[in-house]
Structures are given as structure tokens and as C-alpha cells.
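So you can see what is in the structure, the chains are spelled out below.
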Amino acid sequence: MGNPNTWTYYFNHESSTCSGSTGPTDNSISGGALLVADGASDVALIELSSTPPSSWEVEYAGWDASGATPDNATGIHHPSGDVKKICFEEDSPYTSSTGGAAVWWIDAWELGVTEPGSSGSPLFDQNHRIIGQLYGGAAACSGSVNNGAYDFYGRFDVSWGLGVSQYLDPTNSGATVLDGYPTGFNTDEGCTDPTACNYSPLAIIDNGTCAENDACGVCGGDNSSCGGCTNPEACNYDADATIEDGTCILSGFALTISVGGGSWDSEIGWALESSDGIVVQGNAGSFTECVAQGCYTFSMTDTYGDGWNGATYTLTDADGNVLASGDLDSAQDGDGATVGSDLVQFGDSDCGLGCTDPTACNYDEGASLDNGTCNFDCIGCTDSEACNYDETATEDDGSCAENDDCGICGGDNSSCGGCTNPEACNYDLTAILDDGSCLFPDPAFGCDCSSEGGLVAVLSGTQESEATSLIGAGNPVAGVMDITLNFTGQGSAWPGDMAITVISPEGQCVVFGGYNDAPTCDANLGNYTTVWPDEWTGTASGTYTAAVDLTSAGLSGDGTWSVSVYNGWTSGPEVTYDLSFTLNGVCQLGDPVPGCLDSTACNYDEMATTDDGSCEYGQTYFLDSDGDGYGSVESGVSCNGVLPGNASFQSGDCNDANSTVYPGAPGTAVGIDNDCSGTLEADEEEVVCPEDVNGDGVISVADILAVLAEFGCITGCEADVDGDGNVIVSDLLLLLSAFGQDC
């Protein structure tokens, strides 16, 4: 769990609104001492290094170590350090056990939900007292809603006996209940009946909570603490039970449930469910449970949502017979990544399960769902002359084979094939069959040569770096690539998230590495599990090395070789890859020439072999046919800020054949969209009677005077009768020709 003395403890880290996502972090204390830690209830008790100041108005939570079942429950938590969250369970939690710990079990939250990173947060009862701490579960957000899954909390009453009581009740007073401080809980309300087991001498108002001891001596109990199966013939016989609770399973058997074997078993959850509810549930490990014959559902979950990563489940009886097996990824129902379930049957019950493969020895034509029990032991090669003859097989499966020239049954001669020419670079002394793979030395470089390079890139998920280039010659093909990575990580990112792409002068492409994504290439040598060493799957920053054999990709050619890196975790954070490499089998023809490799840049350098980040890009310009200062069609890029003729840096002209039409142009009153707004403004609408300059409906002396007042105007003219942009003689003649008319 780490060292609590290095932790920081925050108070009042909550949002002032329901929709807020941030809160204050200035109320904090550094360091604390671990007093108690025990897996029997998954409890840890820590004493802070100092007392919170009174100005913080801290509330010290009360607790209940009596073990009484609460009426309801409330969880308050900070998932992964987020601001305060709350969730409500309106029903009573019930006791259970999982992972070796005694817990309170919550089937599903009615309102709100916990999330990964909420572990250790408190569970409160209806009296605002802590009764447990979050141990685990499958509850989480599904999009923006509760996924309806379960949670389980270590029980505070169990923690009390594991060392917690000596710190919270140092005087050994025997008290098992304490209200919060300073506000506490209302002590005026409680049980006022002196004969009740939970009588409160402080109470003055009876709140209806008075209770009696049950047959087990538990105040307000339901006999569950000493109840169980008292029949020794049952497979779930409980020698400690004093009250028969009707749970005896007389026709049942001991079922062993084995779950795990994957690379991320800590994410696994499962439950065996009957029509009456959950029978048993847990995480990775082996469990034995008494179950009755019948039909069941084996439910599976993965908290990260990426499947079980190789983990499986197997259900066996006491004799070791496999009754069912499977995994989340291939579940009969569910999404195969987060949740899934299989139908399983025990005993003679007919649940429609069996072997559905017609080629199996135990094929069941009446089965509708395959339960993974198909047996193929009776099928095999029946030819006694074959190298894989199976004397126990009764049905030939067409698998009979002969030894190849290397003596391998069903082989393809590859085990003893290779280059048998001693003059070749890849001469194989152990090969007895020449497979045509001989590679002969280059006249200039011989067999051994290499090229070196490197690059630095800061990349988030699915981002790829600019390529670094070198001039080289395949000799005859690229061999092993020696890689050194100086990795600066963030969050959960791994060095192994990095994918590398190598492209030969002939355009052949090979990619390797990456967590769950990589660029598309002619050849893919595998993801992180195949090419990177195990230590590349940690989160620590540092220097990592690897060697990857590229021979199978057959990269060759003389000219420019390029290498780029890619962040192959689709949701990965921004990390720094500082890569240096040696490409063996590629003979370097010259020193790297730094410069701009982007042919679209203004300073593209066709002689450069390594991009030095110096690329500069000009300003796009547009064709301006009508000379109004705006263009519509992208025409080129100016690297020096100088425009060619009939061009503009401004675009958006909706009619490049009319100089009165461009963004923001004034209206010409001829019924066209002058300003390219998509609508006709008032000054753009066509004027039916342009000679009526003053708009009084009559062409009169007043209009002539208006024209004469603006006579000679050449821009922004309001008395422009003919719409040519000027007020000249032509406007006066048009007005005189219509003189005296009504508009």
C-alpha cells in the first residue's frame, strides 16, 4: 500500500456545485503513521502527522463496530483523487466474504456509483457512522450512468478486533458506537425502552429503533450470525451453526472454481448465479463451494474493459472432472471486454448445454450451447504407415503425415534448411538442405556494415513523428536494428507503447511495437509483447534498449532510408521519445545532411537527408479575377509575402466576376448579394424606380436637386441613378427622361 508518511492528505476537496469538477487543495497535511493494516477486513488505520486547524471546520466521523446490519448505506469517496463524490444504497447491505476478507456486500447503488480509485473510502450507515471501507467491486460509470454492478466493503466490526480498538478505544471502555465530532448525531432520538438491548439513556424521543437480542445474542440480529446448515449429510454442513436456517444442500456437491492465468488477473471479477441470486463470487484464485444440481450463470467482469488477457475459468467436481470452462473474451453473452456470462449446468439438469462440434467424440446433437467439454481423443490418424499414427483413434481426421527430409513428422524441411554456400554472408554450417536464402557480400562493403541515426519526438496517443532519414545501401537487406530509447513518461504510459516504422528506398515498409495501435505497413513484426523486452512495460522514465531483427521483412535498396516513431497507445498521454538506433546491414553512403524534408515547405532542401525542424511555410493566396481585393479559389502559396497579379490573401468572394460583390461590400440596390452574407440586405434589394432619388414616390425638381448636390461623386454615392458608382451627366439625363412620373 506504499508509505503513508510520504502521502498528502486533503480536506474540503469538494466542488461548490453539483456539476463542478475542481475543488480547493489548500487544506492539506503531509505525512502519517501506519497504525493498523490487516487483509482480514482490508483495513488500514493511519494517524496524521498533525491535527487539522480548527479553521478548516473538519468533521471527525463517528463509527459503529457493533456489526449490526444497517437500514441503508452511503458511500463518500474521491475516485483517483477527484473532488468529493457520493452514492446511496437504499437497501440493507449484507455480510459476505471475498479475497479472504469479511465484507459488507452492496448488490448495486440506487443513486451515484463508485469508480476505480475509490478504494479505502468509508461506508456510512443511517446514523452517519462508518461501518466499513471500500475493498473492491465492479461498480463504475457506464458512459454517464451507473453500470449497476456490485461493491464490497471491509467490515469495521471485524477491523475493530484486528487492532483498531486499541487506538479508537484506548481506555478499553467497551463502547462499540461513537457519533461524529463536533456536530455528531442527534442523541435526543433513540430507543427509550430500558428492556431493549439498544436502550439509550440519553434519548428523550423514541425513534422506533428498539430491538431485542436474537437467538444468537446479537442485538437486533436476524439469527444469521449463528444460523446455517446443521445436517451433517449436506455438503454445506456448518459445524458452528446452532440454528437451522434451511440452507442445507443435500443433493449438492463440492464445486471447485479456478480463475486466472492471464497477464492482468487483478482486473478479474466473477459470480456464480442461480435463479435465486448470487451463490458465490470472487476474483482470481481457486474457490470451493457447495452447490446444488441445476442450471447456473457464470458471470464475468473486467474492471479495465480490455478482456481477461489470457485468463480462463475452470469448474471441476471433487473427482477432477471438468464441468465447464471458458473466459470473458469468448463468453456466450456480453461484450467480451467488460462483462460477459456463460450458462453452465451441474448434474442431470437439462440446460441445453453440451458439445456442439459434430467432429468431437462426445458430440451432443441436442445441445444448443457449447460448454467447452468437447473431447477429440477418439479422432486422429489411423494410417499405421504415417509418422503420427494414433493407435487409439477410431476415426481418421485427415491429419496423417510423413517425415520430411529433416526427419520431422509433417515438417517442411525448414528445421534443417538454410544457406549451404560458405561464400555467403549467411552461411549456415548446420544446414543440410539449401533453401535458396544465401546472401552474398557487397563488392564495396563486404558482409558487415551499419548506419546510425536518431530523433526526438513528443507524442500523444496515435501521433507519429517526422521521419529521420539516412542515405544507405541494403547489404543485401536490413538486418538487426539496435535501439536505445531515453523515455520520459507520464501517467500510465510505457516505453513499450512506442512503435517504429522503417521504410526502404524501394518503398518497402515494416512496423513493430505499440500497445494497441501501429501505422499500417507492408509487414508488421508484432506489438509490444513480441518485440520489446519485459522491462519496457513499466512506467518509469529512463533508458531502455532492445534489438529487433528486420531480416524477415526483406528491406533493401540504395538511397534514402527513413525511420519514424509512433505513440501506439490510442488513449496515451503526451510522452517524450529520445531515440537512437543502429541499422545493421544498411551501409551508410554519406554523412547526414540536415535540412527541411517537406517538399511543400518554402525552404525544402532536396539535398537534405535528415529533417532538422527548419521547415517554413508561406501564406496561401487566392485568385482575384475581378480585382475587388477578395478571391475564391486557392491559387498558390507566397513564401515572401509578395502577391502575383490578380491574387489576394483574402478569400470568401462569392462572385469573383463582379467587383461589387465581396465580403462586407456595400449594397448596389440591383437585387444581388453584394456582401456575400447569403441574404439580401436593405441596400442590396433592387430599386424599381431609381430616378426617385429622395423616395417620395414622385420624380420631381427635388430629385434633380439631390443629383446636382452630389454631382461628380465617385464613391459611396446615394444619388447614383444608373448604378455605375458615379453621379455624372448620365444620371441627370435618366432623371429628366422620367421627370413628372409617379413611382
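**Description of a nonpolar patch on the surface**
Part 1 of the reasoning: A contiguous nonpolar surface patch, about 830 Å² in accessible area, is contributed by Val701, Leu705, Leu708, Phe711, Ile728, Val729, Leu733, Leu736 and Phe739.
Part 2 of the reasoning: Those elements that provide at least two residues to the nonpolar patch are α3 (701-709) and α4 (729-737).
Part 3 of the reasoning: Mapping Val701 onto the fold places it in helix α3.
Part 4 of the reasoning: On the basis of relative accessible area, Val701 is assigned to the partly exposed category, the value being 47%.

**Some remarks on the nonpolar core**
Part 1 of the reasoning: Core analysis: the largest hydrophobic core is formed by 37 residues, its most contacted members being Met481, Ile500, Val502, Phe512 and Trp532.
Part 2 of the reasoning: Those elements that place two or more of their residues in this core are β35 (450-459), β37 (480-488), β38 (498-503), β39 (509-513), α2 (528-531), β41 (542-549), β42 (558-567) and β43 (575-584).
Part 3 of the reasoning: Sort the elements by how many residues they give to this core and β43 lands first, with five residues.
Part 4 of the reasoning: When sequence neighbours within four positions are dropped, the list of residues in contact with Val502 reads Met481, Gln508, Cys509, Val510, Phe512, Leu550, Leu555, Trp561, Ser562, Val563 and Leu583.
Part 5 of the reasoning: Residues Val259, Ile268, Leu272 and Met300 belong to the second largest nonpolar core, which totals 21 residues.

**Quick look at the domain arrangement of the protein chain**
Part 1 of the reasoning: Annotation of the protein chain at the domain level lists domain 1 (4-178), domain 2 (252-370), domain 3 (450-588), domain 4 (607-687) and domain 5 (698-742).
Part 2 of the reasoning: On a C-alpha basis, the centroid separation for the pair domain 1 and domain 3 is 46 Å.

**Concerning the sheet that holds strand β48 (residues 633-638)**
Part 1 of the reasoning: If you walk across this open sheet you meet the three strands as β48-β47-β49, and the pairing is antiparallel. The open sheet has two edge strands with one neighbour each: β48 and β49 (647-648).
Part 2 of the reasoning: The pairing of strand β47 (residues 619-623) with β48 spans five bridges and is antiparallel. Along β48, the bridge assignment pairs Tyr621 with Gly636.

**Things to note about the sheet that holds strand β20 (residues 253-260)**
Part 1 of the reasoning: Pairing within the open sheet is antiparallel, and its four strands lie in the order β23-β20-β25-β26. Each edge of the open sheet carries a strand with a single partner, namely β23 (285-291) and β26 (322-326). Here the average twist between neighbouring strands, direction ignored, is 15 degrees.
Part 2 of the reasoning: As paired strands, β20 and β23 are joined by seven bridges and run antiparallel to one another. Of the residues in β23, the one forming a bridge with Ala254 is Cys290.

**As for the packing of aromatic side chains**
Part 1 of the reasoning: Across all of its chains, the model carries 26 aromatic pairs by this definition.
Part 2 of the reasoning: Aromatic side chains Tyr515 and Trp569 sit 6.4 Å apart centroid to centroid with 80 degrees between the ring planes, which places their arrangement in the edge-to-face category. Here Tyr515, found in the loop between β39 and β40 (523-524), pairs with Trp569, found in the loop between β42 and β43; they are 54 residues apart in sequence, far enough to count as distant. Each of the two residues, Tyr515 as well as Trp569, counts as buried.
Part 3 of the reasoning: Seen from their ring centres, Tyr630 and Tyr662 are 5.6 Å apart, and the 10 degrees between their planes marks the pair as stacked. Highlighted residues: Tyr630 in the loop between β47 and β48 and Tyr662 in the loop between β49 and α3, separated in sequence by 32 residues.
Part 4 of the reasoning: Overall, Tyr630 belongs to the buried group, its relative accessible area being 18%.
Part 5 of the reasoning: Ring pairs connect the aromatic residues Phe487, Phe512, Trp532, Trp536, Tyr544 and Tyr577, which therefore count as one cluster.
Part 6 of the reasoning: Directly above the aromatic system of Trp104 lies the positively charged group of Arg155, at a separation of 5.7 Å from the ring centroid.

**Focus on unusual backbone geometry**
Part 1 of the reasoning: In this structure, Pro182 follows Tyr181 across a cis peptide bond, with omega equal to 10 degrees.
Part 2 of the reasoning: Of note in this structure, Glu57 is not a glycine but carries a positive phi near 55 degrees.
Part 3 of the reasoning: Mapped onto the secondary structure, Glu57 falls in the loop between β4 (43-48) and β5 (62-64).
Part 4 of the reasoning: The class for Glu57 is exposed, based on a relative accessible area of 68%.
Part 5 of the reasoning: Non-glycine residue Asn309 carries a positive phi angle of around 50 degrees.
Part 6 of the reasoning: For Asn309, the position within the fold is in the loop between β24 (294-302) and β25 (312-316).

**Some details on α4**
Working note: α-helix, 3.6 residues per turn, so residues spaced by three or four point in the same direction.
Part 1 of the reasoning: Those residues of α4 lying buried are Asp731, Leu732 and Leu735. Considered in projection along α4, the buried side chains sweep an arc of 100 degrees and stay on one side of the axis. Away from its buried face, by an angle of more than 90 degrees, α4 presents the exposed residues Leu733 and Ser737.
Part 2 of the reasoning: Buried residues along α4 sit against α3.

**Comments concerning the side chain of Asn567**
Part 1 of the reasoning: With respect to the secondary-structure elements, Asn567 resides in strand β42.
Part 2 of the reasoning: Judged by its relative accessible area of 2%, Asn567 is buried.
Part 3 of the reasoning: Looking at Asn567, its side chain comes within polar contact range of the main-chain nitrogen of Trp569, at 3.2 Å.
Part 4 of the reasoning: Side-chain polar atoms of Asn567 contact the backbone oxygen of Pro573, separated by 3.4 Å.
Part 5 of the reasoning: Setting aside residues up to four positions removed in sequence, Asn567 forms contacts with Leu459, Ser460, Gly461, Thr462, Gln463, Asp497, Pro573, Val575 and Tyr577.

Criteria and cut-off values
Residues numbered from 1 in each chain as written. Predicted model: local features only at pLDDT ≥ 70, side-chain atom pairs only at ≥ 80, totals over all residues. Heavy atoms only, no water. Patch = residues over 30% accessible without salt bridge, like charges linked within 9 Å, V, L, I, M, F, W, Y side chains within 5 Å. Areas by Shrake-Rupley, 256 points an atom, 1.4 Å probe, with all protein chains shown as cover. Salt bridge = Lys/Arg side-chain N within 4 Å of Asp/Glu carboxyl O. Helix = DSSP H or I, 4+ residues; strand = E, 2+ residues; numbered from the N terminus. Buried < 20%, exposed > 50% of the residue type's maximum accessible area, 1.4 Å probe, protein only. Core = buried A, V, L, I, M, F, W, Y, C linked by side-chain atoms within 4.5 Å. Contact = heavy atoms within 4.5 Å. Domains from an automatic or database assignment. Pairing = 2+ DSSP bridges. Axes fitted to C-alpha atoms, helices over the stretch in contact; angles between N-to-C directions. Phe/Tyr/Trp six-rings, centres within 6.5 Å; stacked < 30°, edge-to-face > 60°. Lys NZ or Arg CZ within 6 Å of the ring centre and 35° of its normal. Arc of directions from axis to C-beta. Polar contact = N/O pair within 3.5 Å; in protein donor to acceptor, adjacent residues only side chain to side chain.

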